[in-house]
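A closer look at the structure
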Amino acid sequence: MAGERLEALRRMRRQPTTAAGPPWSVPRGAVCLVALLTMACQAATDVEERAGESVPAVIDQGDLPSIRARGTLRVLVGASGEEEFLPRQGMPASLDKTLAEELAGRLGVDMEFVLVDRRDDLIPMLVEGKGDLVAAQLTVTDKREQQVAFARPTATVEEWVVGQRGAENLPRSPVALAGREVHVRPSSSFTETLEALQGSDIAALKVVFVEEHLDTESIVYEVTQGKRPLTVVDSHTLDAIQAYTDAVEPLFKIAEGRQIAWAVRRQNPELLAATNTFLVEKSLTGHTNERFLGDLEGIRDRGVLRVLTRNNPVTYYLYRGRPMGFDFELAKLIAENLDVRLAMVVPPSRDQLIPWLLEGRGDIIAASFTITKERGAHVAFSQPYLLVDEMVVSRAGDPPMTTLADLKGTTLHVRRSSSYYDTLERLQGDYGPFTIVEAPEDLETEQLIGMVARGEIPLTVSDSHILNVELTYRDEIVGALTLSRGGDDEKAIAFAVRPQNTELAAYLDGFVKKTYRGLEYNLARKAYFEDKHRIAVATTRRTGVSGELSPYDGVIKKYSESYGLDWRLMAAQAFHESGFDPNAKSWVGALGLFQVMPATGQEMGITELVDPPEGGVRAGIMYLDRQIKRMDPTIPFRQRVRFALAAYNVGYGHLVDARRLAAEIGLDPDRWFGNVENAIALLEDPQYHTKARYGYCRGTEPALYVSRIQNTYDNYVKIVQ
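Treat the numbers as computed from the prediction; the structure is a model and nothing was measured.

What counts, and at which threshold
- Residues numbered from 1 in each chain as written.
- Predicted model: local features only at pLDDT ≥ 70, side-chain atom pairs only at ≥ 80, totals over all residues.
- Heavy atoms only, no water.
- Axes fitted to C-alpha atoms, helices over the stretch in contact; angles between N-to-C directions.
- Helix = DSSP H or I, 4+ residues; strand = E, 2+ residues; numbered from the N terminus.
- Parallel < 35°, antiparallel > 145°, perpendicular 65-115°, else oblique.
- Left-handed = near helix turned anticlockwise from the far one by under 90°.
- Contact = heavy atoms within 4.5 Å.
- Pairing = 2+ DSSP bridges.
- Core = buried A, V, L, I, M, F, W, Y, C linked by side-chain atoms within 4.5 Å.
- Buried < 20%, exposed > 50% of the residue type's maximum accessible area, 1.4 Å probe, protein only.
- Phe/Tyr/Trp six-rings, centres within 6.5 Å; stacked < 30°, edge-to-face > 60°.
- Lys NZ or Arg CZ within 6 Å of the ring centre and 35° of its normal.
- Salt bridge = Lys/Arg side-chain N within 4 Å of Asp/Glu carboxyl O.

1. A short note on the packing of helix α23 (residues 614-630) against helix α24 (residues 637-650)
- In contact at an axis separation of 8 Å, α23 and α24 are set at 125° when each is read in the N-to-C sense. Between α23 and α24, the angle falls in the class oblique. The interaxial crossing formed by α23 with α24 has right-handed handedness. Contacts from G620, Y623, L624, Q627 and I628 of α23 reach α24 at F637, R640, V641, A644, L645, A647 and Y648.

2. A short note on the sheet that holds strand β21 (residues 477-482)
- Spatial ordering of the open sheet is given by β19-β18-β20-β17-β21, a layout of five strands whose pairing is mixed. A single partner strand is all that each edge strand has here, and the edge strands are β19 (435-439) and β21. Averaged over all adjacent pairs, the angle separating strand axes in this sheet is 40°, with direction ignored.
- Relative to strand β20 (residues 459-463), strand β17 (residues 390-395) runs antiparallel, the two being bridged by four bridges.

3. Focus: the nonpolar core
- If you look at the biggest cluster of nonpolar residues, it comprises 80 residues, and the most contacted ones within it are F326, I334, I364, V392, L407 and F495.
- Per element, the largest residue contribution to this core is eight residues, and it comes from helix α12 (residues 326-338).
- Excluding residues that lie within four positions of it along the chain, L407 makes contacts with V392, M401, L412, L427, Y431, P433, F434, L481 and L483.
- With 62 residues, the next largest nonpolar core counts A574, I621, A647 and I680 among its residues.

4. A few points about the packing of aromatic side chains
- Enumeration over the complete set of coordinates arrives at ten aromatic pairs.
- Taken together, a centroid distance of 6.3 Å and an interplanar angle of 75° make the contact between F643 and W672 edge-to-face. Here the residue F643 occupies a position in helix α24, and W672 occupies one in helix α26 (residues 672-682), the gap between them amounting to 29 residues.
- What makes F643 buried here is its relative accessible area of 0%.
- Here W672 falls in the buried class, since its relative accessible area comes to 0%.
- Linked through ring pairs, F326, Y385, F495, F511 and Y521 together constitute an aromatic cluster.
- Directly above the ring of F292 sits R302, whose terminal nitrogen or CZ lies 4.4 Å from the centroid.
- It is K557 that lies over the ring of W567; its NZ or CZ is 4.7 Å from the centre.

5. Concerning the pattern of salt bridges
- Summed over the entire model, instances satisfying the criterion amount to 31 salt bridges.
- For the salt bridge of E444 with R310, the shortest nitrogen-to-oxygen distance reads 3.4 Å. Pair noted here: E444 is in the loop between β19 and α16 (445-453) and R310 is in the loop between β10 (304-308) and β11 (317-319), with a separation of 134 residues, a long-range link. R310 carries the same exposure label as E444, and that label is buried.

Purely geometric stuff here, so don't read any function into it on its own.
See below:
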């Protein structure tokens, strides 16, 4: 199937694109790479050696009074700025950051994240006074306690030895580790555990150290691919990994009762006391795997709302490392109104939403869930928060369909479990005969629409809000026919709860009544279902004589030189991000010439992204430079630049997934064009994204993004020397 999908992608990309771009753009096949290679390689050494130039580190080892006087709480965190996983099991990997922001608010100061590339630098930077608090899932160990003071634990975990599922001669007990290699980071708590085993009866155990920049999940992935024999992982991380892959096999525990905690300097007792008070109040532990059937008051007492949903471009997904989706936005509003933490829970398949709700694995379903009689026999629905039509989807250019009578003789592909199937069966008597083909249950509606776009099936049916999202990215399809026969046939989408949770149901009814058509609701609806999600590119300028590409050439040159990058490449990126409009704001809230997310700018110490525009330029170039530095230095530099552009567009995590997938399906994971660009497009397919660390990705977007910037850059090189 992957081969067929890749060929379809190749066909698609051979067709002319209608997206906005320079009037002199040339087809990608005609792109000349000489200029990029020459300019980029000349700067490669500078890029490799130059550290990220965020705000110069402030050295301050003071306690809470000093923090309050400074007005900022500096929190040391990992440098990714992204989720470590797509949260699927109810405990977001970004919980530490969220809680740290709450702590800063409690202390009456601003939050400043200090990004640390290597985990072994976290404690030294804290001790040196380059941060005030480490909030990065540190395991409490005797060695670390000699250096820092740990706050009350946020969780208790076990440590497991894991291997590749199905591999031969896997060890099944600690004594079986004799003579075996176990690969871990030197700075990890696992090293201390393994060294303790070496000092007991397993002296022949071989501890092999891996690079500090590798996180635990990446090491586990290499184990599942047979590149490493064994490693150790904590139970929280193991749960997150097992949510999307069964390729890892837990073998046995080598430690239990390990505590995860935040850390402060030992000489800062006031900050430690304030942090402990805060953490005790938040009562963090114990919610992840617990089955809970309680009603509204129970949810408030527990302090967490667990929302069952799906991972797709309408309900819930990661974009540039941050959770998004229409249903997610509403769920977030509900949690904020209840003053509880939001935990998104993604069952392995669509048909598990109701069973997981009834089993107590979640509190509500928010997944663009249509009210049907069959579903109503098992759950209680809230008042509808969205009314949609069911639309027949066809390829653009196919014969038009104007009335329901045009259904006769057609073939439509839909899932048997969908509301579309019932609608078509109801229409069969009056408007048939037509053929209803049962699509596989693991196909999302978006995937069926994609199959129509590629000509693989003739017709499908979609809710109008899902179709509207697809239409913002696709030109090959149209909504051919509305299946409704008047307003009564509009489909109602609502939240679902357990029938016995009457208080929660009543609360959701009140929430819908208050929120429906309100400002926040309408902003979310417009963002996800109405905006084109494409920047309206401003008037372009081709001034080969003056050598000017934009009014902002000077500032782009300034920061491009600072980071060892060709300013014309940066100008090409700015053009495609904002059309050189310094006041541009995207549908997701990205700002300025380089469309930087405010949270990303804040992490780099830059809060002004628009006025003056210099801040946005600096943030965008700094962020691309950071993405380049994150790539394996053995990869050719030109490929790292392309990978960095893709990561800039959709997030580093999705790029990691795409490179892994490329290797698994026989493509080159170290080349972008024709390889990783094709693999990343496959992450739109549930067959692949359900097994990916970061989940769903609209992969055709970064594929086009990199190609268009490459094209524009080639033309800029010809215009400006």
